[in-house]
Amino acid sequence: MAQGRVLLADAAAQRAGVMAGVGVSSARALLPALSLRPRDLARESAAMQAVACWAGRFTPRVSLADDTVLLEIGRCLRLFGGLRALVATIGESAASLDLSVALAVAPTPLAAHWLALSGVAVVCTSPARLAQHLDPLPVTLLPARAAAALQGFGSTTLGAARRLPAAALARRIGADAVCLLARAFGELPDPRPDFVFPEQFSMSLPLPAAVEHAPVLVFAARRLVAALSGWLTARQAGVRRATLRLRHVSGETALSLGFSEPIADAGRIERVLRERLDRLTLTAPVESLCLDALEVAARPGHDGALFGDAGGERERMGALRERLGARLGETQVVFPAVCNDHRPECATRCGAQPEASPPLSSALLSSLLSSLPPRPLWLLAAPESLREVAGRPYRGGRLDLLTGPERIESGWWDEGERGTETGAVDVRRDYFIARDAGGRAVWIFRECRAPGGWFLHGFFS
Amino acid sequence: MTNELPGYAELHCLSNFSFLRGASHAEELVARAQALGYEALAITDECSLAGVVRAHVAAKAAGLKLIVGSELVLADGEKLVLLAQDRAGYGNLSAIVSLGRRHAAKGEYRLTRGDLARGVPDCLALWIPAPASAATWAATAAWLAEAFPGRAWIAYERHLLPEDRDRLAALRMLSATSGVPIVAAGDVHMHVRSRRPLQDALTALRLKTTVDSAGRALFANGERHLRSRARLAQLYPSELLAETLRIAERCDFSLDSLRYEYPDEVVPPDMTPSAYLRAETESGLLRRYADGVPAAVRDQVEQELALIAELVYEPYFLTVYDIVKFARGRGILCQGRGSAANSAVCYALGITEVDPAQSALLFARFISRERDEPPDIDVDFEHQRREEVIQYLYDKYGRERAALAATVICYRTRSALRDAGRALGIDRECIDALTSSLAWWDSREQLPQRFAEVGLDPAAPRVVKWLLLAEQLRGFPRHLSQHVGGFVISRGRLDRLVPIENAAMAGRSVIQWDKDDIEALKLMKVDVLALGMLTAIRRALESVGARRGRPFVLSDITREDPAVYEMIGRADTIGVFQIESRAQMAMLPRLRPARFYDLVVEVAIVRPGPIQGDMVHPYLRRRQGLEAISYPSPEVRAVLERTLGVPIFQEQVMQLAIVAAGFTPGEADQLRRSMAAWKRQGGLGHLRERLIEGMRTRGYDIAFAEAIYRQIEGFGEYGFPESHAASFALLVYVSAWLKRHEPAAFLVGLLNAQPMGFYSASQLVQDARRHGVVVFSPDVQHSDWLAAPAGERRDAVRLGLGQIGGLGAAAGLRIAAARPFRDVADLVRRAALGRDDLDALAGGGALAALAGHRRQAAWAVADAPLQRDLLLEASSCQDDVILPALSEGEDLVADFASLRLSLGRHPLALLRETLTRRHYATTAALAVIEHNRPARCAGIVTCRQRPGTAQVIFLTLEDEHGLLNVIVHPRLAERQRRELLSARLLGVLGVVQREGGVLHLVAGRLVDHTPLLGALATSSRDFH
């Protein structure tokens, strides 16, 4: 949905009467359990980039137009065994990636675009028969103002619009709209800008639902692999090393893929990937995937420039991390980060990757952090219960309270919620800095929630 | 264990009028402070005195000393709390708050040290030093000591943070070096600790984040509440607590001491208010009663003038008189209503049009001696010209002495759910899903079901929290908005009485109190209200006058015309003031008004109050002679005779309480207020005892007393005052007369006063056409901007260009001034039209005379040489293209899209064949079906209504013959909720119900036929 209206509805929703153009409130009235997602233009354009890369498998001349990919296939027909075979291959490949496409072939790019947009899955090769296919299409394919004006004149199809005198029409709906018609019908040339395949390959794919079993990720990664393969093909290169990063809610697992020689074949890349994933146990559900091509080289038998090392800081950090992880064990390498929370146990988080910036503006955060109260260097994973003697806490000797109490009461929103880490509850404690019998400064608290009691939470030295 | 708890007065406390900071109502804070045994409580909202009246009322009732103050954060970041010592100090505080608000946009304030440099005399200042500015503490303390000599303190507020001890030491040292004493305070944001979640949620909302992400921006704990004195003794040194008492002692100001003073420029310089009022009344009487003043009226006038003189209310009446005089001088139609409006003096002054000689109103309630309150007059003005009156008031009295009252916009169920959900980080989709599935009649109990319907588990912890927060949030003030028209005018500077803020609208200023606060403090307020019907009537009168060639005014309308009452009795009242609604039209055939007083009753009786109190049926039965009327005593007879023994008006209930139960007028007024508020505040309990006892001791039997009590309960806040009803009844009659005798002029008036009333332009036009008015569509060759009579004809109306959607007023006026036109090019040139204007005209069919049907016009207009293209003169005539005309259905769709109405056939006339095939009858056919027979009817849904607490829902369907009212019972409403709420063309299968000439269709099943409407745009009014 966008701007309060439904853009696209799946079959189940359409059955209940939720169509494109329906207002959001009406949609909900029709189907209260409707799940609505806002339009994410960034994701859409990233997806288009991926599809464009995949299309590189079939032809180097790819062009993007809104949510349509144009493939100039005149020169590739022989490579793929003729038009029918090529169309079938494209269709199959798209299906295997779980892409639902509307496909049309025409002598002009605009005609192909419009036909595909209108769902007319025709393969038209002769310019002479083109008009026959285009005439019944609606004028709404033209820009809005022109379309509205044409509808105002009673012309609702392209054919009807073409029957009006051209010069008079041009004065009324603008020369641009009339030119569009001419270009679609092949009367004017229509050169299209080529899609520029990116220099480096790094593509993300958010998953529609969190995945808990690694083998399932193979299917999800397929699109990324296809895009990589298309990109490589268009550049006549192959990949030697790549990383597939599995992103969790907090943290990331990285899989490195290595190949003995530069390859571009999607099937081979996928096989290697599958091997790795089959042996992987996930520590947390995966929310999104990211595929980076780290080392790319020209494929043997092709001449092409070597591409520069993808390089960069991220690369080196990643490599270091992989080596440490390999030596100490994947889960032993953690990056601590400051969290914005009053509760001590929630104020630090350890993740497998360096954290992105916190939600509050950095200015606000820095001013808050500058007023941080004294905190121990080391926090226990779980507070340790202390004995109480004559109303005073006891740990191998009496504890002398030095400062305090510091009352911390926060976190009621996590109370009773499933899936929160231990300690993430409504905290109600009076904290004190105390000195134990050995002269060590410790951080203790008295629990205000029933049944109360004293606990040790950290050490200052 | 010592029993000696230290005395304490809380001097720094925010109520929920510190928006998105305070988490408790003033009433809760007062009650808690009282329970804890505080000496006093200061309410110190942030740069605001908006909550002090409520606090004052609560504190008075609880017997707690209240200190009035305000927290101010200066531009340099220093936080101060100012407390008013006495009346003068309060005025200074109010003036400072106004200053701060005036220097910033709405909702914000800005004060610098310079503003306070002259000190704020008679105010005490508490300074809460911030740790961040420690470097400048000494300087600030010095400044403070100088600006507030002997009246400044440093406040130490302890909230159990690690730096408390160090802070106290530092502040003590500061106090020693600067000489400014130190005192304990609480920075209270809520009344009990358990409000912490709500306070956190408010903070999150204020920072536009969620509680999960707000992190350290939330308070670290819940210490900012009213703490027990035992706890305070543990937390603060005793001398700091004792200092609070010393401060509290120096504050001795109560809002009761605010005295209101009327402006005095309303009286000519050489006359006393009394003399002037007398003079104007006399000349008014001469004007009203050309044949001599009737004796009864003369008596009444004398009594009223004596009472006004006794209570010294002359300036009030003269102020209102001045406003009305201004309006009449400008030809703005206006009418006063309210308790004081229906007095002979007001009739003489022209404030009201209800003639005391012709109506038997008991006026004794209009001012009550005991109440010691200024009288209450609301004046309705033509809604399109009310702004002139408002600007007159600002010009005359100045922005410093006149301002609008505020309205406190509070959280309702939907907004509370929305904001609470946002604070909890609930998915926006989820929140929207829930709130939009809430019909306005859903009660609290049904919420869990609504949750389940949208896929939320009502037992999920987050949902539970959501509900809890939303519930607490309901009723919280959200922001101040300007009241519709309540003006407060004072003699001295208003901002010394109450702070004045900038309103959102430019050129408007608003005080921080709402009408309840104003009433509680007995300030004068004149309601300058807008009434659409006055505009409609004025325009209709002008139209009639223009056609007749001489002015036609209200007094030219013959009164008590039987033809008019006959039309009313048939419920043929679409467009008539007050009696056009569905509920009214269902009552009219049963009540059959035959004279003016019947209209007064009709206006008052079709309201939730009398309906719930079960007054309607007895009244109808007695009117129809089906029930005998008896009065238990002559006193009761005197009160109830004019309404056949049934109490219908608010005044009658009060009079009954006085004569039958022995209440004094003051107590009777208390009863009236309690009636208005009892639902919120829990019952008339003690009053019930008094009422029934009082009646019993005066010899009335228990059954009668109980019946009267039940009726009073039913009244609730909906009982209509007789004076209001009488003022309205006049407009009812006038509008009905116009509809009956000058329907074309009446349509013109109504159309030109839109938006107003119960019906859309489409329905008004359809109704007029059914009554024989010929309506022509907008046309550039004939139309003005506004609707007008068509030529010389008495029965025809030409719709105005203003009816066309997308056409601007400036363009429309130019067209009207320059017509007629030779062709499209001529039109474009002489009316200087742009592309959008032309498209709108073509779409509205207004170019029919110049360019043919819509498509042809669109073609012609698409190439029309616009003003800019001076060189392209003759190109349009070369394009001879013949375009096919639109089909009838397409024309209809275009009509509705552009004009929101159609002069062609009704959409359902086109669908009639289809509907007949599905066995739907027309509304006309239904009119002859007998009671209890099954029937089916389909129509466009134009109204959905669920009155008050009634469970049934009323629908109105429209077809080519007229309207039909449908009743939907609650079980069916639940079962077919979707059809009920979203269908635009609805088919109803049900049973006919006839009662006393009123027809309803009781629905058994609903069928959604909206797809048949295709692209047609329709709209429905849905309301209470």
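The shown structure was predicted, so the numbers you read here are calculated from the model rather than taken from an experiment. (Residues numbered from 1 in each chain as written. Chains lettered and ligands numbered in written order. Predicted model: local features only at pLDDT ≥ 70, side-chain atom pairs only at ≥ 80, totals over all residues. Heavy atoms only, no water.)

Peer 1: So what's going on with the pattern of salt bridges? Residues and values would help.
Peer 2: Counted according to the given criterion, the structure contains 91 salt bridges over all chains. Of the charged contacts, one joins B:R538 and B:E542 as a salt bridge, the two residues approaching to 2.9 Å between their closest N and O atoms. Taken together, the positions of B:R538 and B:E542, both in helix 21 (residues 532–548) and four residues apart, correspond to about one turn of that helix. The salt bridge partner of B:D795 is B:R793, with a shortest N-O separation of 3.3 Å. We classify B:R793 as partly exposed; its relative accessible area is 38%. Put simply, A:R407, A:E409, A:D430, A:R446, B:R193, B:E223, B:R227 and B:R231 are held in one network by salt bridges that share partners. (Salt bridge = Lys/Arg side-chain N within 4 Å of Asp/Glu carboxyl O. Helix = DSSP H or I, 4+ residues; strand = E, 2+ residues; numbered from the N terminus. Buried < 20%, exposed > 50% of the residue type's maximum accessible area, 1.4 Å probe, protein only.)

Peer 1: Quick one: what's the story with helix 12 (residues 217–235) of chain A, residue by residue and with numbers?
Peer 2: Residue and element names in this part refer to chain A. When the terminal C-alpha atoms of helix 12 are compared, their 27 Å separation across 19 residues agrees well with the 27 Å that a helix rising 1.5 Å per residue should span. At R223, helix 12 shows its maximal kink, close to 30°. For helix 12, the buried fraction is high: 14 of the 19 residues fall into the buried class. Once helix 12 ends, the next one or two residues include Q236, with phi positive near 55°. (Expected span 1.5 Å × (residues − 1). Bend = angle between axes of the 7 residues up to and from the residue.)

Peer 1: Go over helix 41 (residues 907–917) of chain B with me, naming the residues and quoting the values.
Peer 2: Residue and element names in this part refer to chain B. Of all the positions in helix 41, only P907, L908, A909, L911, R912, T914 and L915 are classed as buried. Along its buried surface, helix 41 packs onto helix 40 (888–899), strand 18 (934–945), strand 19 (953–959) and strand 21 (985–995). One or two residues past the end of helix 41 sits H919, with phi positive at roughly 70°. (Contact = heavy atoms within 4.5 Å.)

Peer 1: Outline the interface of chain B and chain A, supporting the account with residue identities and numerical values.
Peer 2: On the chain A side, the residues contacting the 51 residues of chain B number 46 residues. Buried area between chain B and chain A, both sides added, is near 4,100 Å², and the carbon and sulfur share of it is 54%. For the interface between chain B and chain A, the tally reads four salt bridges. We note a salt bridge from B:D839 to A:R145, for which the minimum N-O separation is 3.1 Å. Connecting chain B to chain A are 16 residue pairs in polar contact (both at pLDDT 80 or more). Elements with a contribution of two residues or more to the side of chain B that touches chain A: helix 7 (196–206), helix 8 (211–214), helix 17 (428–437), helix 19 (461–473), helix 37 (835–843), helix 39 (854–862) and helix 44 (977–982) of chain B. It is helix 39 of chain B that contributes the most residues to the side of chain B that touches chain A, six residues altogether. A breakdown of the residues in the side of chain B that touches chain A according to their chemical character gives 22 nonpolar, seven polar and 22 charged. (Buried area = accessible area lost by both parts, 1.4 Å probe. Polar contact = N/O pair within 3.5 Å; in protein donor to acceptor, adjacent residues only side chain to side chain. Nonpolar A, V, L, I, M, F, W, Y, C, P; charged D, E, K, R; others polar.)

Peer 1: A description of the domain arrangement of chain A should follow, citing residues and the corresponding values.
Peer 2: Its domain assignment divides chain A into domain 1 (1–39), domain 2 (57–184), domain 3 (202–331) and domain 4 (375–459). Computed over C-alpha atoms only, the centres of domain 1 of chain A and domain 2 of chain A are separated by 28 Å. (Domains from an automatic or database assignment.)

Peer 1: Could you give me a rundown of the sheet that holds strand 1 (residues 9–10) of chain B, with the residues and numbers involved?
Peer 2: Residues and elements named next belong to chain B. The seven strands lie next to each other as 1-2-3-4-5-6-7, forming an open sheet whose pairing is mixed. Only two strands of the sheet have a single neighbouring strand rather than two, namely strand 1 and strand 7 (182–185). With four bridges joining them, strand 2 (residues 40–43) and strand 3 (residues 65–73) adopt parallel strand pairing. Residue pairing for strand 3: A42 is matched across the bridge by I67. Against the sheet, helix 2 (residues 52–62) engages strand 2 and strand 3, with an angle of about 155° to strand 3. In the packing of helix 5 (residues 137–147) onto the sheet, the strands contacted are strand 4 (79–84), strand 5 (123–128) and strand 6 (152–157), and the crossing angle to strand 5 comes to about 175°. (Pairing = 2+ DSSP bridges. Axes fitted to C-alpha atoms, helices over the stretch in contact; angles between N-to-C directions.)

Peer 1: Please provide a residue-by-residue account of the sheet that holds strand 11 (residues 477–489) of chain B, values included.
Peer 2: By way of backbone hydrogen bonds, the strands of a sheet pair with one another, either parallel or antiparallel. All names here are of chain B. Spatially, seven strands are ordered 8-9-14-11-10-13-12 in an open sheet, and the strand pairing comes out mixed. The sheet terminates laterally at strand 8 (334–337) and strand 12 (500–502), the two strands that pair on one side only. Taken pair by pair, the neighbouring strands of this sheet meet at an average axis angle of 45°, ignoring direction. With three bridges joining them, strand 11 and strand 14 (residues 525–531) adopt antiparallel strand pairing. Looking across to strand 14, one finds that V488 is bridged to K525.

Peer 1: So, the packing of helix 7 of chain B against helix 19 of chain B: which residues are in play, and what are the values?
Peer 2: Residue and element names in this part refer to chain B. One way to put it is that helix 7 packs onto helix 19 with a least axis distance of 10 Å and a crossing angle of 85°. Classified by the angle their axes make, helix 7 and helix 19 are roughly perpendicular. Touching P197, L198, A201 and L202 of helix 7 are L469, Q472 and L473, all from helix 19. (Parallel < 35°, antiparallel > 145°, perpendicular 65-115°, else oblique.)

Peer 1: Can you tell me about the UniProt feature "domain: Polymerase/histidinol phosphatase N-terminal" (unreviewed entry) in chain B, naming the residues and giving the values?
Peer 2: As annotated in UniProt, the feature "domain: Polymerase/histidinol phosphatase N-terminal" (unreviewed entry) corresponds to residues 9–76 of chain B in the numbering used here. Within residues 9–76 of chain B, the helical portion is 31% and the strand portion 22%, while the C-alpha atoms at the span's ends are 29 Å from each other. (UniProt positions renumbered as here; feature names shortened; annotations may be inferred.)

Peer 1: Quick one: what's the story with the side chain of B:S543, residue by residue and with numbers?
Peer 2: Relative to the helices and strands, B:S543 resides in helix 21. Once you skip the residues sitting within four places of it in the chain, B:S543 turns out to touch B:A745, B:V748 and B:P789.

Peer 1: Go over the environment of B:A563 with me, naming the residues and quoting the values.
Peer 2: Within the element layout of this structure, B:A563 appears in helix 22 (residues 562–569). Note: C-alpha distance between B:A563 and B:A736 (173 residues apart in sequence) is 10.0 Å.

Peer 1: Residues and numbers for the domain arrangement of chain B, please.
Peer 2: If you check the domain split of chain B, you get domain 1 (9–194 + 204–257), domain 2 (412–474), domain 3 (558–730), domain 4 (806–899) and domain 5 (907–1023). The distance between the C-alpha centroids of domain 1 of chain B and domain 3 of chain B comes to 50 Å.

Peer 1: Describe the packing of aromatic side chains, with residues and values.
Peer 2: Residues and elements named next belong to chain A. For the coordinates displayed, the defined rule picks out 24 aromatic pairs over all chains. The interplanar angle of 45° and the centroid separation of 5.6 Å between the aromatic rings of F432 and W454 together place this pair among those described as tilted. With F432 in strand 12 (residues 427–435) and W454 in strand 14 (residues 454–459), this pair connects stretches of sequence that are 22 residues apart. On the basis of an interplanar angle of 15° and a centroid distance of 5.3 Å, the ring pair of F445 and F455 is categorised as stacked. Of this pair, F445 sits in strand 13 (residues 441–447) while F455 sits in strand 14; the two residues are 10 residues apart in sequence, bridging distant segments of the chain. Taken together, Y431, W443, F445 and F455 form an aromatic cluster joined through their ring pairs. (Phe/Tyr/Trp six-rings, centres within 6.5 Å; stacked < 30°, edge-to-face > 60°.)

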